[in-house]
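Geometric and topological summary
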Amino acid sequence: MTKYLQMTPEDLEIAGEIVRGGGLVAFPTETVYGLGANALDVQAVKKIYVAKGRPSDNPLIVHIYDKSQLADIALSVSADAEKIIDAFMPGSITIVLPKKSCIDDCVTGGLPTVAVRMPSSHEALAFLRSCHVPVCAPSANTSTRPSPTTWQSVKEDMDGRIDALLMGSDCKVGIESTVLDLCGEQPTVLRPGIVTPNGISAVLGKPVRVVTNPKEKVNSPGVRYKHYAPRCPMVLNLDGNKDKVLDFYRRCEQDGYNPVILTRYPRLYPDCSTWYLGTTDEEVAHNLFEALRRCEKKYDYIIACYNGTGEVAFSVLNRITKSAGQNIL
Ligand code: TXA
Ligand code: MG
């Protein structure tokens, strides 16, 4: 049985007790909902992989509420890391640092490094504070599904599989944190997010590498797996060719599907079923995962259209391309 908890001091205390007792609690952050366990308790960490159906070589992010906790987790904090921490933490960034031995291989997927994040959401910080321990947490979806940005979406995937769910606010950002590796020769963005390479580069005063080719052998195993996929087929149009999209929509109908066009411009398709994605890239990031989860319930073929440019658009494209399983229209 999963307990449904409010963001009250009493319920936060219960959530903290569950984590200290080796249980799993889903909690809100500003990016996506996380599925938290005591990062220092190997048995608890293993339950995360079971609840998510996640391969155990895919490492987890350790969440903290205070910068002083870094010393308990990381072996060393480089000058670059100090700058990033001062500029962006708390915030939607995760940094990869050399790990201390108290962080078990099951947290890091056997890597000698640990990913650390301090969320900016007050609800997340209140939960982490009530735990008193570092909390490792992946996104609170079952493996391969879109990340949950509302507590209702966590419930859909995790009801009965976890000890408790904190019913907090909807996530403001909507896509997961930027993962920045600070252990190599050059700072490297392993997963793009709302904190952008240019912003990081400005703070560090040096160029930042961005991993763009998913086949590149990087030390972030998470970028390899099937990800963010809705339950129905999905294609992605990137060139903004309206006639091509309409043609595909009609062919879907002829094949007996009930398709939907996921777009920033629903008015372009007055005779079709459409779903509004938002106008700015930030709005699209905020809406994307929830839109996929809603569309798969009402329709059975998703035709997504997105042709944003710029740094936030790059992060959105990273997610939406994977959702479509690289099916480009
Ligand atoms: O916004 C977020 O980061 C959310 C919320 C809950 O904080 N968490 C999240 O966790 O997205 P997850 O497990 O879905 O993604 C973790 C990512 C994966 O791509 C994983 O490979 C990478 O972080 N990662 C974790 N530890 C790493 C390490 N030691 N070295 C390199 N990459 C690491
Ligand atoms: Mg995830």
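Summarised in this report is the structure supplied together with it.

Rules used in this analysis
- Residues numbered from 1 in each chain as written.
- Chains lettered and ligands numbered in written order.
- Predicted model: local features only at pLDDT ≥ 70, side-chain atom pairs only at ≥ 80, totals over all residues.
- Heavy atoms only, no water.
- Buried < 20%, exposed > 50% of the residue type's maximum accessible area, 1.4 Å probe, protein only.
- Helix = DSSP H or I, 4+ residues; strand = E, 2+ residues; numbered from the N terminus.
- Contact = heavy atoms within 4.5 Å.
- Polar contact = N/O pair within 3.5 Å; in protein donor to acceptor, adjacent residues only side chain to side chain.
- Pairing = 2+ DSSP bridges.
- Axes fitted to C-alpha atoms, helices over the stretch in contact; angles between N-to-C directions.
- Salt bridge = Lys/Arg side-chain N within 4 Å of Asp/Glu carboxyl O.
- Near = heavy atom within 4 Å.
- Areas by Shrake-Rupley, 256 points an atom, 1.4 Å probe, with all protein chains shown as cover.
- Nonpolar A, V, L, I, M, F, W, Y, C, P; charged D, E, K, R; others polar.
- Phe/Tyr/Trp six-rings, centres within 6.5 Å; stacked < 30°, edge-to-face > 60°.
- Lys NZ or Arg CZ within 6 Å of the ring centre and 35° of its normal.

What follows concerns helix α6 (residues 122–131). Side chains three or four residues apart in an α-helix point the same way, a direct result of the helix having 3.6 residues per turn. Inspection of α6 places Ala124, Leu125, Phe127, Leu128, Ser130 and Cys131 among the buried residues, and these make up the whole buried set. Summarising the contacts, the buried residues of α6 are in contact with α1 (9–20), β2 (25–27), β4 (61–63), β7 (135–137) and β8 (164–166). The residue sitting at the N-terminus of α6 and contributing the capping side-chain oxygen is serine 121; that oxygen lies 3.3 Å from the backbone nitrogen of glutamate 123. Just beyond α6, the residue with positive phi is histidine 132, at close to 65°.

A word on the sheet that holds strand β13 (residues 259–263). Here four strands make up an open sheet; going across it, the order is β12-β15-β13-β14 and the pairing parallel. Pairing within the sheet leaves two strands with one partner each, and these edge strands are β12 (234–237) and β14 (274–276). Sheet twist, expressed as the average angle between the axes of neighbouring strands with direction ignored, equals 20°. In this sheet, β14 lies alongside β13 in parallel orientation, the contact comprising three bridges. Considered in β14, the bridge of isoleucine 261 is made with threonine 274. Where helix α9 (residues 242–254) meets the sheet, its contacts fall on β12, β13 and β15 (301–305), and the angle it forms with β15 comes to roughly 180°.

The next subject is the pattern of salt bridges. With the rule as written, the count across this model stands at 16 salt bridges. Where lysine 244 meets aspartate 239, a salt bridge forms, and the shortest distance between an N and an O atom there is 2.7 Å. You can call lysine 244 partly exposed: its relative accessible area is 32%. Bridged by salt links that share partners, the residues Arg145, Glu156, Asp157, Arg231, Arg293, Glu296 and Lys297 form one connected network.

Around ligand 1, a shell composed of 28 residues is seen, among which Thr31, His63, Arg117, Ser177 and Arg191 lie nearest. In this structure, an oxygen atom belonging to ligand 1 sits 3.4 Å away from a side-chain N or O atom of asparagine 58. Here an oxygen atom of ligand 1 sits 2.6 Å away from a polar atom, N or O, in the side chain of histidine 63. The protein chains hide 98% of the 690 Å² of surface that ligand 1 would expose on its own. Broken down by secondary-structure element, the contributors of at least two residues to the shell around ligand 1 are β4, β6 (113–117) and β10 (188–191). Looking at which element gives the most residues to the shell around ligand 1, the answer is β6, with four residues. Per-class residue counts for the shell around ligand 1 are 14 nonpolar, 10 polar and four charged.

This structure, assessed with the given rule, holds four aromatic pairs. A ring pair is formed by phenylalanine 248 and tyrosine 301, whose centres lie 5.6 Å apart and whose planes are at 70°; its orientation type is edge-to-face. Residue phenylalanine 248 is found in helix α9, and its partner tyrosine 301 is found in strand β15; the two are separated by 53 residues along the sequence. Accessibility classification places phenylalanine 248 together with tyrosine 301 in one group, the buried group. By the ring-pair criterion, three or more aromatic residues cluster together here, those being Phe248, Tyr257 and Tyr301. Positioned above the aromatic ring of tyrosine 4, the side-chain terminus of lysine 155 is 5.7 Å from the ring centre.

The side-chain alternation of strand β9 (residues 178–181) yields two buried faces, one formed by Thr178 and Leu180 and the other by Val179 and Asp181. Here strand β5 (residues 93–98) runs beside β9; their pairing, made up of four bridges, is parallel. In the sheet register, threonine 94 faces β9, and the bridge partner there is valine 179. Bridge analysis of β9 against β10 gives three bridges, and the strand direction is antiparallel. Along β10, the bridge assignment pairs valine 179 with arginine 191. Taking the residues between adjacent antiparallel strands as the criterion, β9 and β10 are bridged by six residues.

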